Amino acid sequence: MSDSPEEMVVIAIDGPAGSGKSTVAKLLAERVELPYLDTGAMYRAVTFASIAAGIDPDDADEVTAAAINMDLRMDVDGTVVVNGVDATTQIRGPEVTRAVSSVASHPKVRKELVSRQREWARRNGGGVLEGRDIGTVVFPNATLVIYLTASPEVRAARRAGEVADLDYDTIAAVIARRDALDQNRQADPLKRADGATEIDTTYLTIDEVIDVLVHQLDRALSDSE
Ligand code: DC
């Protein structure tokens, strides 16, 4: 299929961990009444499926097979069911978080998930997708392509507020490691897409970010008329 979403509204939101992507993407989707897709949860689901099957996350062929065969259900309330098992909590746990960068580095795993993401948007007639490669690979011609950033300190503090059992220094180190892996991998590394609007959320509230995005979307839609 074409990745040119001319007939549908697609909003692509990329950025590093803790940049505010998930919160912003979810609220924006509600506000503009579009469905929302957390593509990071899909990489986490493949990681969960691989671990459950005893597959080494570094084994590209085995992990690719697990991705292709994965039965994945993602509900609007955030429930994630992988091969019939409710994995909502475990996909956010330390075991999956440690292994997900490796899983996401395999090009054939990415190809499978990118194809599922495009299919999801086509089926829904558009949507808000957040991840690392949405504006660069999945939907480079999206109606709106956004790159969110924030200072490393603020990103770590935000994650520390969400996770009860890890201290700030541990979280800062985990985020720094994942940033490096996401930005330096060969296949579709995290980077700002050409033409993306970059928003630094360090000193902005969520509402302020949403207002900027709604304004940008209105402009993009009126420019395309
Ligand atoms: O957004 P997150 O932390 O749940 O993402 C989990 C991992 O998946 C992250 O380390 C990078 C990877 N990822 C990716 O490579 N491409 C995406 N579109 C989304 C996530």
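Residues numbered from 1 in each chain as written. Predicted model: local features only at pLDDT ≥ 70, side-chain atom pairs only at ≥ 80, totals over all residues. Heavy atoms only, no water.

Draft legend 1. Highlighting the side chain of Ser102. The topology assignment puts Ser102 in helix H4 (residues 94-103). Excluding anything up to four places from it in sequence, Ser102 contacts Pro57 and Asp58. (Helix = DSSP H or I, 4+ residues; strand = E, 2+ residues; numbered from the N terminus. Contact = heavy atoms within 4.5 Å.)

Draft legend 2. Layout of the pattern of salt bridges. The final tally for this structure, using the stated rule, is 12 salt bridges. The closest approach of N and O atoms between Arg73 and Asp75, which form a salt bridge, is 2.8 Å. The class for Asp75 is partly exposed, based on a relative accessible area of 29%. One salt bridge connects Arg116 with Glu112, and the closest N-O pair in it is separated by 2.7 Å. Pair noted here: Arg116 and Glu112 are both in helix H5 (residues 107-124), with a separation of 4 residues, about one helical turn. Here Glu112 falls in the buried class, since its relative accessible area comes to 18%. What you see here is one network of salt bridges that share partners, running through Arg110, Asp133 and Asp188. (Salt bridge = Lys/Arg side-chain N within 4 Å of Asp/Glu carboxyl O. Buried < 20%, exposed > 50% of the residue type's maximum accessible area, 1.4 Å probe, protein only.)

Draft legend 3. Highlighting the nonpolar core. Of all hydrophobic cores here, the largest spans 40 residues; its most connected members are Val46, Val82, Val109 and Phe139. Only strand S1 (9-14), helix H2 (39-52), helix H3 (60-69), strand S4 (80-82), H4, H5, helix H6 (134-138) and strand S7 (144-149) provide two or more residues apiece to this core. No other element matches H2, which puts 7 residues into this core. Apart from the residues within four sequence positions on either side, Val109 is in contact with Tyr43, Val46, Val63, Thr64, Ala67 and Val103. Core analysis: the next-biggest nonpolar cluster, separate from the first, contains 18 residues, Val24, Ile199, Leu213 and Ala220 among them. (Core = buried A, V, L, I, M, F, W, Y, C linked by side-chain atoms within 4.5 Å.)

Draft legend 4. Layout of the environment of Tyr147. Structurally, the position occupied by Tyr147 is in strand S7. Its relative accessible area of 9% is what places Tyr147 among the buried residues. Taking the C-alpha atoms as reference points, Tyr147 and Ile134, 13 residues apart in sequence, are found 9.8 Å from one another. Apart from the residues within four sequence positions on either side, Tyr147 is in contact with Asp14, Gly15, Pro16, Leu190, Lys191, Arg192, Ala196, Thr197, Glu198 and Ile199.

Draft legend 5. Seen up close, the packing of H2 against H4. Across the interface, H2 lies against H4 with an axial gap of 9 Å and an inter-helix angle of 105°. The angle between H2 and H4 places the two elements in the roughly perpendicular class. The residues of H4 that touch H2, namely those facing Tyr43, Arg44, Val46, Thr47, Phe48 and Ile51, are Glu95, Val96, Thr97, Ala99, Val100 and Val103. Its residues assigned to classes, the contact of H2 with H4 comprises 8 nonpolar, 2 polar and 2 charged. (Axes fitted to C-alpha atoms, helices over the stretch in contact; angles between N-to-C directions. Parallel < 35°, antiparallel > 145°, perpendicular 65-115°, else oblique. Nonpolar A, V, L, I, M, F, W, Y, C, P; charged D, E, K, R; others polar.)

Draft legend 6. Inspection of the site of the ligand at higher detail. Taken together, 15 residues are adjacent to the ligand, and Arg44, Arg110, Asp133, Arg178 and Arg185 come closest. Bound to the protein, the ligand loses 98% of the 450 Å² it would expose on its own. Of the residues forming the shell around the ligand, the biggest block, 4 residues, is contributed by H2. Here the residues of the shell around the ligand are counted per class, giving 3 nonpolar, 4 polar and 8 charged. (Near = heavy atom within 4 Å. Areas by Shrake-Rupley, 256 points an atom, 1.4 Å probe, with all protein chains shown as cover.)

Draft legend 7. Expanded view of the sheet that holds S1. Taken in spatial order, the 5 strands of this open sheet run S2-S6-S1-S7-S8, and their pairing is parallel. Taken across any chain shown, the strands that pair with only one partner, and hence form the sheet edges, are strand S2 (36-38) and strand S8 (197-200). Averaged over all neighbouring strand pairs, the angle between strand axes comes to 20°, with direction disregarded. Against the sheet, helix H1 (residues 21-32) touches S1, S2, strand S6 (126-131) and S7, its axis set at about 165° to S1. Where H2 meets the sheet, its contacts fall on S2 and S6, and the angle it forms with S2 comes to roughly 40°. (Pairing = 2+ DSSP bridges.)

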